[in-house]
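Now for the letters of each chain:
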Amino acid sequence: MAQEPVSECEGTNVSSETPAPDGEKEGGVKKRFRLLTKGRLFTLFLVAVGGTAFAGYGHYTDPGPLQSERIVIIPKGGVDRVVAALQDNGVVARGAVSSLFFKIAMYVTRSQGSIHAAELRFPEQVSMAHSLDILRHGRPVTHSLTIPEGLTAKHITTVLMQAPALQGQLPAFAEGQVAPQTFFYVWGMERQVLLQHMTSLMTKTLQDVWAGRDQVALQGIITSPEELLILASLIERETSVAEERPQIARVFLNRLKQGMKLQTDPTVIYALSDGEGTLPRPLTHEDLQFDSPYNSYLHSGLPPGPICSPGREALEAAAHPAMGDALYFVATGHGGHSFARTLAEQTDHVRAYRRVKKALSP
């Protein structure tokens, strides 16, 4: 019986790797190329980012452009105003790139604290990192303002209005209400707030001195802290010689006790100057007739109010007068005063003063 022909495929091992068409080969190559390219680009990106971060950190910690120490006022109003102030004062380099980098650094380090509006001191070549630390934790610049003893309310007002770094209006205050002292404040403080410190100090000082006064020496003459303040203001304007103040106080108390007019020139000057406390010329005999309740040549007793802000030494002198029965005093012409119990002694002292004044005049 004849057999059928056997197929060429029967009994033969045929491989499963069938050769791919040309188009499929090309697609695989492109795919591998794209993967390789993306990998290289990613690596380059990481290198670039790392390099930028390294360079940025160097810029963050390197010395800055500031040529010498400078005090800068950091304003309120947001990041842009802060950076503008730093660039205007040379702390941060000018330009959009430096501005942007500083803002980024400020944002990245925001967990270290908030930026404060203040007057701050930046050292020479301060780095961006140090600048941010100063902005967050730096101590504000301190200003001082001195109120000398014997200054009147009008002059104190001028001092407060002209003081740098203060702001706001100044409410009216009474004569003698402010304590002569050196006060410290920072940029942006309200004048009203500083005035409250000044008046509170005077109130406390007056209370302390009054509590420790010589009650026997003042009995029946000075009966309140307000009267003590008035007496001390007269003593303050009469002499700057510390050891003379208790003696001046004794003269005034003796005259008050006897009902004599105080006849002290500073009260007339205060009245004539409308509270300024100074005149551009010497007093005349006509001035002594100037009609004012402050004129102690016309009116007995203490003036109606203080004529300046007396210091603590003048207050203590008023509260602890010297012993004695002197009723007069006059300048010696050498910076002090001569004291007298009688009008005759006083007349001799006045003549001596005039001789000294004549000898010293051109």
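Residues numbered from 1 in each chain as written. Predicted model: local features only at pLDDT ≥ 70, side-chain atom pairs only at ≥ 80, totals over all residues. Heavy atoms only, no water.

A. Structural detail: the packing of aromatic side chains. Going through the model one piece at a time under the given rule, you end up with three aromatic pairs. An angle of 70 degrees between the planes, with centres 5.8 Å apart, marks the rings of Phe252 and Phe329 as edge-to-face. Pair noted here: Phe252 is in helix H9 (residues 245–258) and Phe329 is in strand E5 (residues 328–331), with a separation of 77 residues, a long-range link. The exposure classification of Phe252 matches that of Phe329, with both residues buried. Judged by centre distance (5.0 Å) and plane angle (50 degrees), the rings of Tyr270 and Tyr294 are tilted. Taken together, the positions of Tyr270 in helix H10 (residues 265–272) and Tyr294 in the loop between H10 and helix H11 (312–319) put the pair 24 residues apart, joining distant regions of the chain. Overall, the relative accessible area of 11% leaves Tyr270 in the buried class. Between the NZ or CZ atom of Arg213 and the centre of the ring of Trp210, over which it lies, the distance is 3.7 Å. (Phe/Tyr/Trp six-rings, centres within 6.5 Å; stacked < 30°, edge-to-face > 60°. Helix = DSSP H or I, 4+ residues; strand = E, 2+ residues; numbered from the N terminus. Buried < 20%, exposed > 50% of the residue type's maximum accessible area, 1.4 Å probe, protein only. Lys NZ or Arg CZ within 6 Å of the ring centre and 35° of its normal.)

B. Just helix H8 (residues 225–238), in detail. Between its terminal C-alpha atoms H8 stretches 20 Å, which fits the 20 Å expected from 14 residues at 1.5 Å a residue. Most of H8 is tucked away, with ten of its 14 residues classed as buried. Taken as a whole, H8 has its buried residues at Leu228, Leu229, Ile230, Leu231, Ala232, Ser233, Leu234, Ile235, Glu236 and Glu238. (Expected span 1.5 Å × (residues − 1).)

C. Looking closely at helix H6 (residues 191–211). Between its terminal C-alpha atoms H6 stretches 30 Å, which fits the 30 Å expected from 21 residues at 1.5 Å a residue. What H6 keeps buried is the set Arg191, Leu194, Leu195, Met198, Thr199, Met202, Thr205, Leu206, Val209 and Trp210. In an axial view of H6, the angular spread of the buried residues amounts to 140 degrees, which keeps them on one side of the axis. Seen from the open side of H6, the exposed residues pointing more than 90 degrees away from its buried face are Gln207 and Ala211. (Arc of directions from axis to C-beta.)

D. Focus on a nonpolar patch on the surface. The grouping of Leu100, Ile104, Tyr107 and Val108 at the surface amounts to a nonpolar patch, some 430 Å² of accessible area in total. For Leu100, the location among the structural elements is in helix H3 (residues 96–108). Judged by its relative accessible area of 52%, Leu100 is exposed. (Patch = residues over 30% accessible without salt bridge, like charges linked within 9 Å, V, L, I, M, F, W, Y side chains within 5 Å. Areas by Shrake-Rupley, 256 points an atom, 1.4 Å probe, with all protein chains shown as cover. Salt bridge = Lys/Arg side-chain N within 4 Å of Asp/Glu carboxyl O.)

E. Expanded view of the environment of Leu288. When you line up the elements, Leu288 lands in the loop between H10 and H11. With relative accessibility at 15%, the residue Leu288 sits in the buried group. Residues Leu288 and Asp265, 23 residues apart in the sequence, show an inter-C-alpha distance of 8.2 Å. Discounting chain neighbours no more than four positions away, the residues touching Leu288 are Asp265, Val268, Leu283, Asn295, Tyr297 and Leu298. (Contact = heavy atoms within 4.5 Å.)

F. Broad picture of the packing of H9 against H11. In the contact formed by H9 and H11, the axes pass within 8 Å of each other and the chain directions differ by 45 degrees. Overall, the two elements H9 and H11 adopt an arrangement that is oblique. Note on packing geometry: the crossing formed by H9 with H11 is right-handed. From H9, Arg245, Pro246 and Ala249 reach across to H11, where they touch Glu313, Ala314, Ala317 and Ala318. (Axes fitted to C-alpha atoms, helices over the stretch in contact; angles between N-to-C directions. Parallel < 35°, antiparallel > 145°, perpendicular 65-115°, else oblique. Left-handed = near helix turned anticlockwise from the far one by under 90°.)

G. Representation of the pairing of strand E6 (residues 337–340) in the model. Pairing analysis gives four bridges linking E5 to E6, with the strands arranged antiparallel. From the neighbouring strand, Val330 faces E6, where its bridge partner is Ser338. (Pairing = 2+ DSSP bridges.)

H. Seen up close, the pattern of salt bridges. All told, the structure shown has ten salt bridges when counted by the stated rule. In this structure, Arg121 and Glu69 form a salt bridge, with 3.5 Å as the shortest nitrogen-oxygen distance. With Arg121 in strand E2 (residues 119–122) and Glu69 in the loop between helix H1 (22–61) and strand E1 (70–73), this pair connects stretches of sequence that are 52 residues apart. You can call Arg121 partly exposed: its relative accessible area is 41%. Across the pair Asp80 and Lys103 runs a salt bridge whose closest N-O atoms are separated by 2.6 Å.

I. Looking closely at the nonpolar core. Judged by nonpolar contacts, the single largest core of 29 residues is most densely connected at Ile222, Leu228, Leu231, Ile235, Phe252 and Leu315. Looking at this core, the elements that each hand over two or more residues are H6, H8, H9 and H11. Judged by nonpolar contacts, the second largest core, of 20 residues, contains Leu66, Val83, Leu132 and Leu135. (Core = buried A, V, L, I, M, F, W, Y, C linked by side-chain atoms within 4.5 Å.)

J. Region of the structure containing unusual backbone geometry. One non-glycine residue, Ala165, lies in the positive phi region at around 75 degrees. On the secondary structure map, Ala165 appears in the loop between helix H5 (153–162) and strand E4 (182–186). The phi torsion at Gln263 lies on the positive side, around 50 degrees, for a residue other than glycine. By secondary structure assignment, the location of Gln263 is in the loop between H9 and H10.

K. Inspection of the environment of Gly212 at higher detail. Looking at the element boundaries, Gly212 is found in the loop between H6 and helix H7 (215–218). Sequence spacing of Gly212 and Glu316 is 104 residues, and the spatial spacing of their C-alpha atoms is 8.9 Å.

L. Region of interest: the side chain of Glu238. Here Glu238 lies in helix H8. One buried charged residue, Glu238, remains without a salt bridge, the closest side chain of opposite sign being Arg237 at 8.9 Å. When sequence neighbours within four positions are dropped, the list of residues in contact with Glu238 reads Ile248, Phe252, Thr264, Asp265, Pro266, Phe329 and His337. (Lys, Arg positive; Asp, Glu negative; His and termini not counted.)

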